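Examining the three-dimensional arrangement
Listed here are the chains, written in short residue letters.
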2 protein chains.
Amino acid sequence: MSSMTAARISPPADRPRPGLRERKKIKTREAIRAATYALVEEQGYDATTIDQIAERAEVSPSTVFRYFPTKEDIVLTDEYDLVLAEELRARPKDEAWTDSIRHIMLAAARTGIKDDFEVAKLRTRLLVDVPAVRSRMMESMSVTGRLLCGAIAERTGRDPDSLEVRVHAMSLAGGLMETSLYWAENGHQGDFPALLDRALDVLQHGLGEEDS
Amino acid sequence: MSSMTAARISPPADRPRPGLRERKKIKTREAIRAATYALVEEQGYDATTIDQIAERAEVSPSTVFRYFPTKEDIVLTDEYDLVLAEELRARPKDEAWTDSIRHIMLAAARTGIKDDFEVAKLRTRLLVDVPAVRSRMMESMSVTGRLLCGAIAERTGRDPDSLEVRVHAMSLAGGLMETSLYWAENGHQGDFPALLDRALDVLQHGLGEEDS
DNA sequence: CATGAATTGAGAGTAGCTTCCAAAAGATGG
DNA sequence: CCATCTTTTGGAAGCTACTCTCAATTCATG
């Protein structure tokens, strides 16, 4: 689930030597993000303008937009969806795919939160407070949904574009997102992995003693 | 599900006489919406500016914003969530609440599409084409989610704010929204109520021969 | 070191959206 | 019918996210 609390599970691994250009790009990207996080903590999201971000990151405003299409993306973007997909594919193929998802989400949440508890909290808080951010996050939810479609299709042999698979994937994604929201709304009490576990139960088995 | 394909199930009913002021407000509101629909059909969503909308609706741009907080809302806003909630409450209380939802959604979809097939198509098409609209729609999904929380809580006696109920509600909302998207992406083939029916099956019973 | 490609900065421009104030129009009581 | 009060409207000014273009700079390559 992008921008939620996911983390790199496997390290970037072996890359020969990116060349100065690439390294500078990465540095700029992180400078912008760092500046944004800092400013948002200081003044709040809306009060933080792109110009301020640019100034603190020591780049021009145009550069900021070259790196991130929207302001919300600076706070939200991560590249974990891809990692998640890989990990999903790496699970034993005879494992129930619901279990695969459970394992991966839990692992991601655990390491993610350990890695950067403050960032995770800031992000989820913004999710609750700033409509634009929540909105953008929901956008990314549909990306995650498509991703899940692929995974589900692979395991069950169904058509990834079928209504059934898509509905199921999206309902999963929606439920997982709500979990993050719930966590943030309740002041980040309790540990997130435990919440995730409960949420996944509901998503797998419904609401318990129900009447379906 | 707001902005999807819902329709008034029960007519506005008995209101004494709204007074000229109220009537004018409603007329203005609908003028703005009509103007927007027309312009969007002619030129596309992005190419349509607020000024154009204002001009065609014969109001000032500021008035447009007085009636709709954002451009997306002009296309999306409807008041059916409330109606839906009422209808939900009107269902027999001993009915399985999943069945209640099924009945209401199906009824709403049927009459809604009959009422205004073109608008329903335009809306869902925008949902697919325009990220901002899709985004806004997802926002409203969370409103629908909260609504479902209330309904579910009433029937099951659970806490509407509990993680379990919220996750379940949101997964429902997500699945239903994906159904609209699916319908639109496939060129509005097949009838929507049938799709809804299949989607609700998945949401109630999972993906069939699975391993949970 | 020279040439070519990619990255950046600066500036102008668009459009969504907010805010504020004065003018117009509907409601209310005499 | 008029006077007053309230609500609604239009106009203008302004902020900011975001886009586009072009020249300058920086890195890569032979």
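What you see is a predicted model, and the numbers here were worked out from it, not measured in a lab.

Examining the relation of the copies chain B and chain A
Overlaying chain B on chain A yields an RMSD of 0.1 Å, the required transformation being a rotation through 180° with an accompanying axial translation of 0.1 Å. Such values leave the two copies arranged in the relation of a two-fold axis. Relative to the rotation axis, the closest C-alpha in chain B is found at Ser171(B), a distance of 2.0 Å. Taken together, the interface assignments show that 100% of the residues at the interface of chain B recur at the interface of chain A, consistent with an identical surface on both copies.

A word on the confidence of the model for chain A
Summary statistics for chain A give a mean pLDDT of 87 and a share of 90% for residues scoring 70 or more. Across residues 7–14 of chain A the pLDDT falls below 50, and counting only partners more than four positions away or on other chains, this stretch makes 12 contacts in the model.

Describing unusual backbone geometry
Residues and elements named next belong to chain A. One non-glycine residue with positive phi stands out, namely Glu58, at about 60°. Within the secondary structure, Glu58 is located in the loop between α2 (50–57) and α3 (61–67). Even without being a glycine, His188 presents a positive backbone phi close to 60°. You can see His188 is positioned in the loop between α9 (163–185) and α10 (192–205). Residue classification places His188 among the buried residues on the basis of a relative accessible area of 14%.

Some details on the interface of chain B and chain A
The interface of chain B with chain A comprises 44 residues on the first partner and 45 residues on the second. Buried area between chain B and chain A, summed over both chains or domains, comes out near 3,800 Å², and the portion from carbon and sulfur atoms is 59%. Looking only at chain B, the three residues that lose the most surface to chain A are Leu163(B), Arg166(B) and Leu207(B), adding up to 19% of its buried area. Taken together, chain B and chain A are joined by eight salt bridges. The shortest N-O distance in the salt bridge between Arg166(A) and Glu178(B) comes to 2.8 Å. Put simply, chain B and chain A have 11 residue pairs in polar contact (both at pLDDT 80 or more) between them. For the side of chain B that touches chain A, the elements supplying multiple residues, two or more each, are α6 (97–115), α8 (131–156), α9 (163–185) and α10 (192–205) of chain B.

A few points about the pattern of salt bridges
Between side chains of opposite charge, a pair can form when the charged atoms approach closely. Residues and elements named next belong to chain A. All told, the structure shown has 22 salt bridges over all chains when counted by the stated rule. A salt bridge links Glu154 to Arg89; the shortest N-O distance between them is 2.3 Å. A residue pair is termed long-range when its members are at least 10 positions apart, and Glu154 in helix α8 (residues 131–156) and Arg89 in helix α5 (residues 80–90) qualify at 65 residues. Two residues, Asp201 and Arg102, come together in a salt bridge whose shortest N-O distance is 3.0 Å. Here Asp201, found in helix α10, pairs with Arg102, found in helix α6 (residues 97–115); they are 99 residues apart in sequence, far enough to count as distant. For Asp201, a relative accessible area of 36% gives the class partly exposed. With a relative accessible area of 14%, Arg102 lands in the buried category. Taken together, the salt bridges that share partners define one network made up of Arg102, Asp197 and Asp201.

Thresholds, definitions, all that
- Residues numbered from 1 in each chain as written.
- Chains lettered and ligands numbered in written order.
- Predicted model: local features only at pLDDT ≥ 70, side-chain atom pairs only at ≥ 80, totals over all residues.
- Heavy atoms only, no water.
- Least-squares fit on C-alpha atoms with pLDDT ≥ 70 in both.
- Contact = heavy atoms within 4.5 Å.
- pLDDT = per-residue confidence, 0-100.
- Helix = DSSP H or I, 4+ residues; strand = E, 2+ residues; numbered from the N terminus.
- Buried < 20%, exposed > 50% of the residue type's maximum accessible area, 1.4 Å probe, protein only.
- Buried area = accessible area lost by both parts, 1.4 Å probe.
- Salt bridge = Lys/Arg side-chain N within 4 Å of Asp/Glu carboxyl O.
- Polar contact = N/O pair within 3.5 Å; in protein donor to acceptor, adjacent residues only side chain to side chain.

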